[in-house]
Amino acid sequence: MIPKDHPRYASLMIRERLVKGYESGIVCTHGLIAHGRGEAFDYLIGEKTTEAAMHATKVAVATLLTAERPVISVNGNTAALVPDEIVHLSEHIGAPLEVNLFHRTEERMDKIIAHLKAHSATNVLGKKADARIPGIEHERGKVDKDGIYGADAVLVPLEDGDRCEALVRMGKTVIAIDLNPLSRTSRTATITIVDNVVRAIPNMVKLSEELRGIKQTEIRKIIDAFDNELNLQRMTEHDD
Ligand code: ATP
Ligand code: MG
């Protein structure tokens with residue numbers, strides 16, 4: 001048990017969730033390492049959502065709400081960290097979840113899908129994997145034709161750089177959540193949210209409720225005014 005007054009309580013609770021996910025076969029060993037890299041960057045930004053991150057989050061939600069075929073890509077870490085929130089977001093923006101794993105085994109796929117369904121998901125794609133992302137030879141290239149492959153906008157929390165690049169090459173709007181503002185993923189995504197998924201996804205749920213009542217023309221304005229490169233610069237320079 002981690003005492004609530006421990007100064008690193010929030011961070012340790014996140015680790016706890018990942019370890020539980022690892023023990024139940026949702027998170028893979030590599031996922032634990034990836035989390036370590038993310039944690040280091042989170043420490044540097046004070047483990048809070050910066051203004052620049054919140055700005056990108058708002059643009060991301062506006063983009064997903066106006067997309068014709070939005071899809072949310074889910075990996076093991078995301079499923080372990082924010083299962084309820086990702087299902088809520090999927091419902092709010094009308095985007096199916098698609099499980100997509102770098103270290104893909106059918107057993108892990110089944111476990112993650114069952115986990116998301118236990119958290120009330122109804123439509124979870126990824127098992128069919130009847131299409132491939134051109135240029136991606138590893139397992140993350142396997143996608144559903146009526147999911148990521150045919151999507152116009154894809155939300156990719158904790159993405160791999162080369163797949164992010166390939167999705168952009170396919171002409172998709174790619175929204176990444178990545179704590180490392182210097183990663184290939186952050187640099188190549190259309191919209192980059194430099195924040196922890198444990199904060200970014202709940203923020204997206206909240207914003208999707210707020211933005212739903214706003215006129216289409218206003219939503220367009222929010223999207224058109226955004227410059228990802230400039231916003232990333234704000235994240236690396238810490239000017240907020
Ligand atoms: P890239 O493939 O984009 O060049 P990378 O190879 O350095 O980046 P990966 O191992 O592919 O990184 O993916 C892990 C990424 O996920 C890291 O950049 C890390 O900062 C980020 N990350 C880990 N945990 C979280 C989290 N909870 N929230 C947001 N980002 C996270
Ligand atoms: Mg990588």
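Values in this document were obtained by computation on a predicted structure and should not be read as measured data.

1. Thoughts on the pattern of salt bridges
Applying the stated criterion across every chain, the model contains 17 salt bridges. In this structure, the salt-bridge partner of arginine 8 is glutamate 47, at a minimum N-O distance of 2.6 Å. Remark: glutamate 47 occurs in the loop between helix 2 (29-44) and helix 3 (51-66) and arginine 8 occurs in the segment before helix 1 (9-23); sequence separation between them is 39 residues. Judged by its relative accessible area of 29%, arginine 8 is partly exposed.

2. Some points on the packing of helix 3 against helix 9 (residues 197-211)
One way to put it is that helix 3 packs onto helix 9 with a least axis distance of 9 Å and a crossing angle of 55°. In terms of axis orientation, helix 3 runs oblique to helix 9. Pair helix 3 / helix 9 crosses with right-handed handedness. Taking contact as the criterion, the partners of Met54, Thr57, Lys58, Ala60, Val61, Ala62, Leu64 and Leu65 in helix 3 are, on helix 9, Ala200, Asn203, Met204, Leu207, Ser208 and Leu211.

3. Some points on the sheet that holds strand 8 (residues 191-193)
An order of 3-2-1-6-7-8 is seen for the six strands of this open sheet, with the pairing classed as parallel. Two strands lie at the open edges of the sheet, namely strand 3 (124-125) and strand 8, each paired on one side alone. With three bridges connecting them, strand 1 (residues 70-74) and strand 2 (residues 97-99) associate as parallel partners. Paired with valine 74 across the bridge in strand 2 is valine 99. Sheet strands in contact with helix 6 (residues 106-118) are strand 1, strand 2 and strand 3, and its direction is about 155° off that of strand 2. The sheet strands contacting helix 7 (residues 161-169) are strand 1, strand 6 (153-157) and strand 7 (173-177), and the helix crosses strand 7 at an angle near 155°.

4. Here we look at the site of ligand 1
Around ligand 1, the structure places 18 residues, and the nearest of them are Arg37, Asp160, Gly161, Arg184 and Thr185. Between ligand 1 and the protein, one listed contact pairs an oxygen atom with a side-chain N or O atom of aspartate 178 at 2.9 Å. Within the side chain of arginine 184, one N or O atom sits 2.8 Å away from an oxygen atom of ligand 1. Against a free-state accessible area of 630 Å², the protein chains account for coverage of 87% of ligand 1. Every element with two or more residues in the shell around ligand 1 is listed here: helix 2 and helix 8 (184-188). If one sorts the elements of the shell around ligand 1 by residue count, helix 2 sits on top with four residues. Class assignment of the residues belonging to the shell around ligand 1 gives a composition of five nonpolar, seven polar and six charged.

5. Thoughts on the pairing of strand 6
The buried count for strand 6 comes to five of five residues, which makes it a mostly enclosed element. Where burial is concerned, the two faces of strand 6 agree: the one with Ala153, Leu155 and Pro157 and the one with Val154 and Val156 are both buried. The pairing of strand 1 with strand 6 spans three bridges and is classified as parallel. Each residue of the ladder has a partner; that of isoleucine 72, found in strand 6, is leucine 155. Pairing geometry for strand 6 and strand 7, over five bridges, is parallel.

Scoring rules and cut-offs
- Residues numbered from 1 in each chain as written.
- Chains lettered and ligands numbered in written order.
- Predicted model: local features only at pLDDT ≥ 70, side-chain atom pairs only at ≥ 80, totals over all residues.
- Heavy atoms only, no water.
- Salt bridge = Lys/Arg side-chain N within 4 Å of Asp/Glu carboxyl O.
- Helix = DSSP H or I, 4+ residues; strand = E, 2+ residues; numbered from the N terminus.
- Buried < 20%, exposed > 50% of the residue type's maximum accessible area, 1.4 Å probe, protein only.
- Axes fitted to C-alpha atoms, helices over the stretch in contact; angles between N-to-C directions.
- Parallel < 35°, antiparallel > 145°, perpendicular 65-115°, else oblique.
- Left-handed = near helix turned anticlockwise from the far one by under 90°.
- Contact = heavy atoms within 4.5 Å.
- Pairing = 2+ DSSP bridges.
- Near = heavy atom within 4 Å.
- Polar contact = N/O pair within 3.5 Å; in protein donor to acceptor, adjacent residues only side chain to side chain.
- Areas by Shrake-Rupley, 256 points an atom, 1.4 Å probe, with all protein chains shown as cover.
- Nonpolar A, V, L, I, M, F, W, Y, C, P; charged D, E, K, R; others polar.

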